[in-house]
Amino acid sequence: MSVTRLRPADLAAVKASHPIAEVLARMGIRPPRGWDGASDYRVPAAALGLPHGDDSSGVLIKPQQNRWWAFHAGIGGDVFDLLRVATGVTPLRDAAAILESAGPITVTNADPTATLARVTSASERPELSRTSAGRVLAINAQAWHYLTLPALAERARHYLHGRDIDVTALEAETHEPRAGHTPAGPTGLTEYLRRLGFGDDEIIDAGWAIRRPDHPIRDRYHNRVLLPFRDEAGAILGVTGRDVTGTAHAKYLNHPRTAVFDKSAALYRPSTPDLDRNATVIVCEGTLDALAIAATAANAGASHLFAPVSQSGLSLTDRVAPRIFALRPRPPILCDDGDAAGQR
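Rules used throughout
Residues numbered from 1 in each chain as written. Predicted model: local features only at pLDDT ≥ 70, side-chain atom pairs only at ≥ 80, totals over all residues. Heavy atoms only, no water. Pairing = 2+ DSSP bridges. Helix = DSSP H or I, 4+ residues; strand = E, 2+ residues; numbered from the N terminus. Axes fitted to C-alpha atoms, helices over the stretch in contact; angles between N-to-C directions. Contact = heavy atoms within 4.5 Å. Buried < 20%, exposed > 50% of the residue type's maximum accessible area, 1.4 Å probe, protein only. Parallel < 35°, antiparallel > 145°, perpendicular 65-115°, else oblique. Left-handed = near helix turned anticlockwise from the far one by under 90°.

Visitor: Could you give me a rundown of the sheet that holds strand S11 (residues 280-284), with the residues and numbers involved?
Guide: Taken together, the 3 strands give an open sheet; going across it, the order is S12-S11-S13, and neighbouring strands pair in parallel fashion. The open sheet is flanked by strand S12 (306-310) and strand S13 (333-335), the only strands paired with a single partner. Sheet twist, expressed as the average angle between the axes of neighbouring strands with direction ignored, equals 25°. Packed onto the sheet, helix H11 (residues 287-299) meets S11 and S12 and runs at close to 165° relative to S12.

Visitor: Residue-level account of unusual backbone geometry, with values.
Guide: Unlike most non-glycine residues, asparagine 66 shows phi in positive territory, near 60°. Topologically, asparagine 66 is positioned in the loop between strand S2 (59-62) and strand S3 (67-70). Taking the relative accessible area as the measure of exposure, asparagine 66 reaches 16% and is therefore buried. Not every positive phi belongs to a glycine, and asparagine 223 is a case in point at roughly 50°. Here asparagine 223 shows up in the loop between strand S7 (218-219) and strand S8 (224-230).

Visitor: Could you give me a rundown of the packing of helix H3 (residues 79-87) against helix H4 (residues 92-101), with the residues and numbers involved?
Guide: Relative placement of two packed helices is described by the angle separating their axes and the distance separating the axes. Taken N-terminus to C-terminus, the directions of H3 and H4 make an angle of 95°; their axes are 10 Å apart at the nearest point. Judged on the interaxial angle alone, H4 and H3 are roughly perpendicular. Contacts between H3 and H4 pair Val79, Phe80, Leu83 and Arg84 from the former with Leu92, Ala95, Ala96, Ile98 and Leu99 from the latter.

Visitor: So what about the side chain of threonine 258? Which residues, and what values?
Guide: For threonine 258, the position within the fold is in the loop between strand S10 (252-254) and S11. Ignoring sequence-local partners within four residues, the contact set of threonine 258 consists of Pro126, Leu128, Val136, Asp205, Ala206 and Gly207.

Visitor: Could you give an account of the packing of helix H6 (residues 133-147) against helix H9 (residues 188-195), with specific residues and numbers?
Guide: One way to put it is that H6 packs onto H9 with a least axis distance of 10 Å and a crossing angle of 125°. As far as their axial angle goes, H9 and H6 are oblique. Where H6 crosses over H9, the handedness of that crossing is right-handed. Of H9, the residues touching H6 (which contributes Ile139, Gln142, Ala143, His145, Tyr146 and Leu147) are Gly188, Leu189, Tyr192 and Leu193.

In structure tokens:
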């Protein structure tokens with residue numbers, strides 16, 4: 001195929017003929033051992049030169065959608081975007097030419113996030129010094145109030161029930177909803193926060209909205225059940241959002257770093273009862289796993305015997321691990337998924 005001039009049909013044909021797993025293999029980045037050829041898997045962000053901080057979530061590869069998502073960098077896309085991030089090549093015709101060459105691809109880009117930002121007009125990230133921590137906490141509290149209004153909380157319960165998670169007893173213990181849900185419209189939360197007097201910059205800095213060049217501000221989370229990260233006093237620091245459609249680039253979307261939230265230091269605890277001295281701490285890979293254990297314990301009247309926690313994903317940083325060990329003297333149980341990533 002000639003790639004001097006690409007029509008939409010040409011782009012689609014190039015993408016379809018170059019599966020993302022094969023493109024990664026040409027970069028020397030291979031799927032985990034035992035991969036079944038179809039399931040989602042993760043690769044290290046460093047392999048693509050992407051920033052990763054203390055977050056080991058890496059880059060999610062979705063072979064069946066031929067797309068990818070880098071959690072820490074907050075960027076993703078198709079095989080063209082992957083190639084441009086890895087090599088710094090931005091014109092589509094040049095990226096297509098590399099794909100069509102069928103040879104090895106060298107990861108050479110020194111600034112991959114800047115390259116993709118130029119290509120996709122990446123959304124504005126929170127500015128940590130623009131809005132005070134106190135103001136961010138106030139926005140968070142109001143955002144969570146809105147996202148757990150009766151109708152939205154009921155939508156969250158309905159979704160959880162479909163996952164065999166009954167939070168009725170747990171919510172009776174805690175006297176508040178354990179999960180929220182996004183509104184139907186793309187700006188419902190933003191408009192609510194505006195009516196309370198919060199400015200657009202403040203809402204962005206609190207992590208609840210995104211804004212792109214030449215595009216209006218809109219909510220960050222759509223079609224997701226939301227689970228909160230709290231501090232020791234119960235204040236909302238941020239959330240993680242679980243996709244309810246099955247079509248999102250990322251199954252889970254974590255809150256961006258703000259003046260009060262940093263995922264490398266965040267610990268999700270769905271229940272905080274007075275624990276028995278011999279209570280068992282259970283470290284889960286997923287937040288829904290932790291919530292399921294907490295809900296089951298509450299239904300059995302045993303919340304004081306179990307402390308499920310999660311850092312939301314495969315991360316377990318040096319900032320969070322000491323907090324887990326401090327919960328109770330007994331060694332914690334590690335409860336990860338049975339796949340290769342979970343075993344690692």
